[in-house]
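Structural characterization, general
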Amino acid sequence: MATAKLGDTISFQRDGKNLEGVVSGIRENSVMVQYGFSKEKDEPLTTIVNHKNYKLKK
């Protein structure tokens, strides 16, 4: 399995929804992903995804 690099787009699941986001940080077992923007809080939506739980988008 290929691991994502900074700036790669990945697909993953959260709360039963398929989401896509851009990798903004990499750790040993996971990546930090920005997958949207919250207008209410005026900040990006980010989450952590384990390397086993995403797929690279082409």
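Residues numbered from 1 in each chain as written. Predicted model: local features only at pLDDT ≥ 70, side-chain atom pairs only at ≥ 80, totals over all residues. Heavy atoms only, no water.

Remarks on the overall build of the chain
Check the secondary structure of the chain and you find zero helices and five strands. In the chain, the order of α-helices and β-strands from amino to carboxyl end is β-β-β-β-β. In terms of overall dimensions, the chain is globule-like: its C-alpha atoms have a radius of gyration of 11 Å, near the 10 Å expected for 58 residues. Structurally, the chain occupies a C-alpha span of about 35 × 25 × 20 Å along its principal axes. Relative to its 58 residues, the chain shows a buried fraction of 24%. Long-range pairs, those at least 24 residues apart, make up 28% of the contacts in the chain with a sequence separation of at least 6. For the chain, the distance from the average site of its 10 positive side-chain charges to the average site of its 7 negative ones is 8 Å. (Helix = DSSP H or I, 4+ residues; strand = E, 2+ residues; numbered from the N terminus. Rg over C-alpha atoms; globule rule 2.2 N^0.38 Å. Buried < 20%, exposed > 50% of the residue type's maximum accessible area, 1.4 Å probe, protein only. Contact = heavy atoms within 4.5 Å. Lys, Arg positive; Asp, Glu negative; His and termini not counted. Charge placed at Lys NZ, Arg CZ, Asp CG, Glu CD.)

So, the side chain of H51
Mapped onto the secondary structure, H51 falls in the loop between strand 4 (43–50) and strand 5 (54–56). A distance of 3.4 Å separates the side chain of H51 from the backbone oxygen of E28, its partner in a polar contact. (Polar contact = N/O pair within 3.5 Å; in protein donor to acceptor, adjacent residues only side chain to side chain.)

Here's the deal with the packing of aromatic side chains
Across all of its chains, the model carries one aromatic pair by this definition. A centroid spacing of 6.0 Å and a plane angle of 85° characterise the contact between F12 and Y35, whose relative ring orientation is edge-to-face. Here F12 is found in strand 1 (residues 9–14), whereas its partner Y35 is found in strand 3 (residues 30–38), with 23 residues between them in sequence. We classify Y35 as partly exposed; its relative accessible area is 30%. (Phe/Tyr/Trp six-rings, centres within 6.5 Å; stacked < 30°, edge-to-face > 60°.)

Things to note about the nonpolar core
Of all hydrophobic cores here, the largest spans eight residues; its members are A4, I10, F12, V23, V31, V33, V49 and Y54. At the level of elements, strand 1 and strand 3 are the ones that each hand at least two residues to this core. When sequence neighbours within four positions are dropped, the list of residues in contact with I10 reads A4, L19, E20, G21, V23, V31, V33, Y54, K55, L56 and K57. (Core = buried A, V, L, I, M, F, W, Y, C linked by side-chain atoms within 4.5 Å.)

Examining the sheet that holds strand 4
Ordered by their spatial adjacency, five strands build an open sheet running 4-3-2-1-5, and the pairing between neighbours is antiparallel. Bordering the open sheet on either side are strand 4 and strand 5, each of which pairs with just one other strand. Averaged over all pairs of adjacent strands, the angle between strand axes in this sheet comes to 40°, irrespective of strand direction. In this sheet, strand 4 lies alongside strand 3 in antiparallel orientation, the contact comprising eight bridges. Bridge pairing links M32 to I48 in strand 4. (Pairing = 2+ DSSP bridges. Axes fitted to C-alpha atoms, helices over the stretch in contact; angles between N-to-C directions.)

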